[in-house]
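Notes for the structure review
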Amino acid sequence: MMRQPASSPMVLAEGSEFARGYRLGRVYRSGPTGCEVIWQEYIDPETGEVIKAIADFIPADIIGREISRGSLRILRLPPEMGPNVAEIAQEKSPTSAELTRASNRECYILAAQNLIDKGTMKPVRADFVKNFDQLLGDGLREANARASRSARGAKCGTALVMLRPPQCGETIYRWWRPWVASAQMLKMDSFRNCGRKVGDRYTDEEDEFYKSIIEVRLTEERPSIASICESVQAAVRCENERRLALPAPEATLAVPGYNWVWQLIARIAPADHEVRTRGMEVAYRDLHTLGLGLQVTRVLERVELDEYTVDLMLFLRMIGLDVFLTREEASAFGLDGTPKRVILSAAVDVYSGAIMGLQIARSSSIEVTLRTIEMIYLDKQPLADAIGAEMPWPMYGQPQTLALDRASVNMSDAVYLRLSHAGITNLAVPAGKPFLKPWIERFFATFGALLLQRFTGRTFADVVRKGENDPAARATVTLDEFLEWLTRWIVDIYHTRKPQTLGKKSPLQTWNEAVAVSPPMVRADQKMLRHAFGVTTTRKATRHGITVEDIRYQHEEIAKWFLNETERDLTVVWWEKKIGSIEVYLPDGRSVTAHCVDPKWSDKSYADLVEQRMAEKEAKLFGQRARDRATVEIDAFTRNKAALRGLLPIIPTGEELATRTRDFSRYMGAPERRPETYGDVFDNEVQPCSPEEAMPGSHPGLLASQPANANDTGDIME
């Protein structure tokens with residue numbers, strides 16, 4: 001190895017500023033043998049000890065040797081020696097942030113050098129990558145030790161400054177190479193060159209003043225940049241007036257323009273800006289960072305369910321049912337024909353993205369949620385065939401996990417009990433965090449963007465976007481039309497549309513390929529499904545058994561109970577999808593499965609029963625005109641015959657009816673009724689005679705034949 005020539009002695013000019021390692025010094029006297037210097041006060045980055053300023057003497061040979069090695073760096077020359085080197089190479093001495101960063105890099109450099117000295121690692125980049133975990137552990141221990149030593153003299157509650165460790169072995173290798181090349185002298189990095197460049201129009205003091213005003217104005221009211229700029233400019237002018245009015249006037253601040261205020265607002269961290277202008281909840285929802293996402297391996301492993309208020313006005317009217325429902329019945333079902341918004345409850349399979357269940361309702365309820373979950377189990381191909389869809393809808397089966405938010409409906413005991421009966425794991429995620437149910441939230445966004453925009457009567461997401469649009473006046477779609485096009489859109493468009501995710505196929509293709517490898521489990525236990533989705537009600541036990549919707553169910557245990565017990569009200573679980581059997585709970589705790597007496601309903605649904613009733617309703621109309629005419633003619637014949645015999649009742653007049661009412665209630669006693677004063681018993685029955693008529697001889701036929709008797713006392717018993 002070639003020996004380097006020895007360095008010659010060297011002295012520095014008086015007034016020169018230099019750096020020796022971490023320490024900064026200034027030459028105040030030079031001589032032929034060396035320089036007298038004053039070391040500035042500094043903080044030891046390893047121990048945190050504050051080293052006070054002190055005078056020292058550095059020999060000329062040491063100065064020459066360290067300058068040749070790069071250990072001693074000249075920062076600033078005296079003004080009389082021409083252009084200042086510091087203004088060309090470095091504007092300031094190393095800051096505390098730069099020294100902290102240098103100390104952090106040194107921890108990992110020393111860890112690498114230690115492994116090289118032990119022979120564990122070679123000084124090549126490949127070994128740095130291979131031994132990165134050990135380098136990272138050793139470097140972190142050293143960095144933590146230095147941070148603990150520097151915090152010993154700090155106040156209680158002061159946060160430790162911990163920098164981010166390197167992410168790979170190549171980074172440590174890039175730090176180690178210049179350290180070795182410069183005779184193990186650590187250099188500062190380019191940290192001071194990051195961010196805003198030198199030469200800005202406004203000083204740091206001015207920027208801090210501008211930011212203090214911006215922070216006050218930047219709130220959830222979301223004022224315009226022009227309004228914030230006006231506030232900043234007004235505050236600067238007032239501050240300048242205050243400074244000029246001081247006994248010793250201070251320098252004034254520059255008044256910023258619109259662009260500079262806008263740049264200062266743009267420099268605010270996105271999280272801070274979103275919290276200020278939108279609130280913590282919205283900021284957490286919109287800026288929550290995401291990674292790979294939820295990973296599932298098969299269909300129906302996880303199903304997400306949620307509700308969405310449709311941004312569309314619909315006429316609540318089912319044209320197909322108008323011929324079967326009266327006005328009162330339609331009003332009872334909520335089909336009054338007025339334009340209203342409805343609730344869409346949907347369930348999405350996470351693996352394939354297919355729609356497993358769908359329900360429309362006027363408001364949220366437990367029944368809507370249960371019907372949506374029930375639809376996951378049911379074959380939906382008949383729905384696709386009914387609306388004329390070209391593609392199939394083969395998605396159904398037993399879900400393993402159901403993700404629901406913590407709405408009051410989903411947290412009810414009824415939903416928990418039904419899901420436990422169905423064997424579904426209930427995963428209740430916190431409300432207001434859509435990233436925990438991303439698939440169903442993404443479906444609702446796609447639904448609004450691709451389907452709702454095709455109809456008139458949209459309500460839009462907010463009043464700003466709505467503008468002057470009157471959705472109720474522009475509504476044109478009825479509820480049954482919307483249901484038909486919604487089903488058609490899901491089957492023929494959504495299920496066949498490839499998402500933007502790389503390597504992802506359409507929901508229908510993904511479902512078919514997954515089912516070919518691992519078919520979903522299909523529940524055949526009707527008893528379990530009845531408990532999960534059936535309606536619980538009470539029916540009386542009779543000798544015919546139990547009657548539900550005009551269908552009779554019988555069982556031996558029900559017959560025994562009817563004959564031996566007096567309790568007649570029994571609890572019944574009835575499922576509309578399979579009405580051939582019901583679950584009956586006896587008061588003593590036993591339960592039995594009762595089957596329908598008529599075997600033709602054993603494998604039917606409530607829809608079949610409704611269809612049968614509609615057919616019977618039409619059958620009842622057969623011959624109705626002839627029956628009505630015959631009934632009217634029979635009644636007319638009977639009335640004529642009764643009139644000839646005087647058997648028709650005579651309808652009383654109003655006066656006669658009032659007299660009859662008074663006579664019928666004459667002797668009724670009541671607390672609020674005053675007693676009536678009654679006359680002689682023969683009042684209104686026997687007309688009294690006048691005195692003249694009472695004289696003898698006034699009635700020739702009665703008294704003339706009898707002589708007058710002066711002693712007659714009038715006693716008829718004498």
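Residues numbered from 1 in each chain as written. Predicted model: local features only at pLDDT ≥ 70, side-chain atom pairs only at ≥ 80, totals over all residues. Heavy atoms only, no water.

Bridging between strand S2 (residues 23-31) and strand S3 (residues 34-39) involves 6 bridges; their strand directions are antiparallel. Paired with glycine 25 across the bridge in S3 is tryptophan 39. Joining the antiparallel neighbours S2 and S3 is a turn of 2 residues. Here S3 runs beside strand S6 (residues 54-59); their pairing, made up of 6 bridges, is antiparallel. Following the sheet pairing, cysteine 35 is matched in S6 by isoleucine 58. (Pairing = 2+ DSSP bridges. Helix = DSSP H or I, 4+ residues; strand = E, 2+ residues; numbered from the N terminus.)

Averaged over all residues, the pLDDT of the protein is 83; the fraction at 70 or higher stands at 84%. Predicted confidence for residues 1-5 stays below pLDDT 50, and this span has 0 contacts to residues more than four positions away or in other chains. This stretch, residues 698-705, has a pLDDT under 50; its non-local contacts, to residues over four places away or in other chains, come to 7 contacts. (pLDDT = per-residue confidence, 0-100. Contact = heavy atoms within 4.5 Å.)

What follows covers the side chain of glutamate 301. Summarising the element assignment, glutamate 301 is placed in the loop between helix H11 (280-287) and strand S8 (303-309). Assessed through its relative accessible area of 19%, glutamate 301 is described here as buried. Each residue touching glutamate 301, except ones within four places of it in the same chain, is listed here: Val296, Asp349, Gln400 and Thr401. (Buried < 20%, exposed > 50% of the residue type's maximum accessible area, 1.4 Å probe, protein only.)

Turning our attention to helix H6 (residues 169-181). An ideal rise of 1.5 Å per residue puts 18 Å on 13 residues; H6 measures up with 19 Å between its terminal C-alpha atoms. Those residues of H6 that sit buried are Gly169, Thr171, Ile172, Tyr173, Trp176 and Trp179. Residues of H6 that are buried sit in contact with helix H3 (96-118), helix H4 (125-130) and helix H5 (132-150). (Expected span 1.5 Å × (residues − 1).)

So, on to helix H8 (residues 225-244). Residues spaced three or four apart along an α-helix face the same direction, because each turn holds 3.6 residues. The terminal C-alpha atoms of H8, which comprises 20 residues, lie 29 Å apart, in line with the 28 Å expected from a rise of 1.5 Å per residue. Where H8 is buried, its residues meet helix H7 (204-217) and helix H9 (258-266).

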